[in-house]
Amino acid sequence: QFMVQNNLTKETLVYRAEDLSFPKSIVEFMQALFDQPPYGFRKLLRRKVLRGKDNIYGRSDHKLSSLDLDAVKKDLENKHGRTLREVDVMSY
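Under an unreviewed UniProt entry, the protein has the name Carboxylase conserved domain-containing protein and belongs to Pristionchus fissidentatus.

I keep staring at the overall build of the protein and nothing clicks. Help me out?
Helix and strand content of the protein: six helices and zero strands. N-terminal to C-terminal, the α/β element order of the protein is α-α-α-α-α-α. Relative to its length of 92 residues, the protein is extended, with a C-alpha radius of gyration of 20 Å against a globular reference of 12 Å. Taking the principal axes of its C-alpha atoms as reference, the protein extends roughly 60 × 25 × 20 Å. By sequence separation, contacts in the protein at least 24 residues apart represent 34% of the contacts at least 6 residues apart. Accessible surface computed for the protein: about 7,700 Å², of which carbon and sulfur atoms make up 51%. Here the protein contributes 17 positively and 13 negatively charged side chains, and the mean placements of these two sets differ by 7 Å.

Mind showing me how you'd approach a nonpolar patch on the surface here?
A contiguous nonpolar surface patch, about 300 Å² in accessible area, is contributed by Phe 29, Leu 33 and Phe 34. With respect to the helices and strands, the residue Phe 34 is situated in the loop between helix H3 (24-30) and helix H4 (43-50).

Sorry, what's going on with the layout of surface pockets here?
Regions of empty space are outlined by a rolling probe, equal in size to a water molecule, passed over the atoms. For the largest pocket, the calculated volume is near 280 Å³. Considering the residues around the largest pocket, the lining is formed by 16 residues, among which Met 3, Leu 13, Phe 29, Met 30 and Leu 45 are closest to the centre. For the lining of the largest pocket, the secondary structure elements donating two or more residues are helix H1 (2-5), helix H2 (10-16), H3 and H4.

Which parts of the structure should I look at to understand H4?
A turn of α-helix holds 3.6 residues, and therefore any two residues three or four places apart point the same way. For H4, every residue scored as buried is listed here: Leu 45, Arg 46, Lys 48, Val 49 and Leu 50. Buried-residue contacts for H4 involve H2 and H3. In the stretch just after H4, Arg 51 is the one whose phi turns positive, near 50°.

What should I look at first to understand the packing of aromatic side chains in this one?
For any pair of aromatic rings, geometry is given as the distance between the ring centres together with the angle between the planes. For the structure on display, the rule yields two aromatic pairs. Relative to Phe 22, the ring of Phe 2 lies with its centre 5.1 Å away and its plane at 35°, an arrangement referred to as tilted. Of this pair, Phe 2 sits in helix H1 while Phe 22 sits in the loop between H2 and H3, placing them 20 residues apart in sequence. Like Phe 2, the residue Phe 22 is buried in the burial classification. On the basis of an interplanar angle of 90° and a centroid distance of 5.2 Å, the ring pair of Phe 29 and Phe 41 is categorised as edge-to-face. Placement of the pair is Phe 29 in helix H3 and Phe 41 in the loop between H3 and H4, with a sequence separation of twelve residues. Judged by relative accessible area, which is 39%, Phe 29 ranks as partly exposed. The exposure class of Phe 41 is buried, given its relative accessible area of 16%.

Analysis parameters
- Note on numbering: residues in each chain are counted from 1, in written sequence order.
- For this predicted model, a pLDDT threshold of at least 70 governs which residues receive local features, and a threshold of 80 or more governs which side-chain atom pairs are given and counted, while totals over whole chains, interfaces and linings are taken from all residues.
- The side-chain numbers reported here are obtained from all heavy atoms of the structure, hydrogens and water having been left aside.
- Strands here are runs of E lasting at least two residues and helices are runs of H or I lasting at least four, both read from the DSSP assignment and numbered beginning at the N terminus.
- Computation of the radius of gyration draws on C-alpha atoms alone. For the globule rule, the value is 2.2 Å times the number of residues to the power 0.38.
- Every residue pair with non-hydrogen atoms within 4.5 Å of one another is taken to be in contact.
- Every accessible area reported is derived by Shrake-Rupley at a probe size of 1.4 Å, with residue values counting cover from the shown protein chains alone.
- Charged-residue counts in this description rest on Lys and Arg as positive and Asp and Glu as negative, His and the chain ends being excluded.
- One atom stands in for each charge, and that atom is NZ of Lys, CZ of Arg, CG of Asp or CD of Glu.
- Patch members must show over 30% relative accessible area and no salt bridge, and they are joined within 9 Å when carrying like charges or within 5 Å when they are nonpolar side chains of Val, Leu, Ile, Met, Phe, Trp or Tyr.
- One side-chain nitrogen of Lys or Arg within 4 Å of one carboxyl oxygen of Asp or Glu is enough to make a salt bridge.
- A 1.4 Å probe that fits but cannot get out identifies a cavity on a 1 Å grid over protein atoms alone, an open set with protein on both sides within 12 Å along at least five of seven lines counts as a pocket, and a residue lines either if it has an atom within 4 Å of a point.
- Grid points are joined across faces, edges and corners, and a volume is the space filled by probe spheres set on the points.
- Burial classes: relative accessible area under 20% of the type maximum marks a residue as buried, over 50% as exposed, and values in between as partly exposed (1.4 Å probe, protein chains only).
- For Phe, Tyr and Trp, rings pair up if their centres lie within 6.5 Å, where Trp contributes its six-membered ring, and each pair is then called stacked (planes under 30 degrees apart), edge-to-face (over 60) or tilted (otherwise).

Structure (structure tokens):
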């Protein structure tokens, strides 16, 4: 949407990146806060969009610990006083 709105091609995007005001969502995407595309980002474009901001390398969830869904289910069932379905626990 940003590229269409600003009449950009993939070439002009890189060329004009330093002068463009990117939305927060694009900057966060380039920081890899939402994970990374399979082949990464173009380094030149990423550098121009981030303008010195930090970025993440590797999977963004690599620091998260595992979640014990059985324990979560038991806690929720105790809290609500009824048996829950797996879908209830997953949506929680």
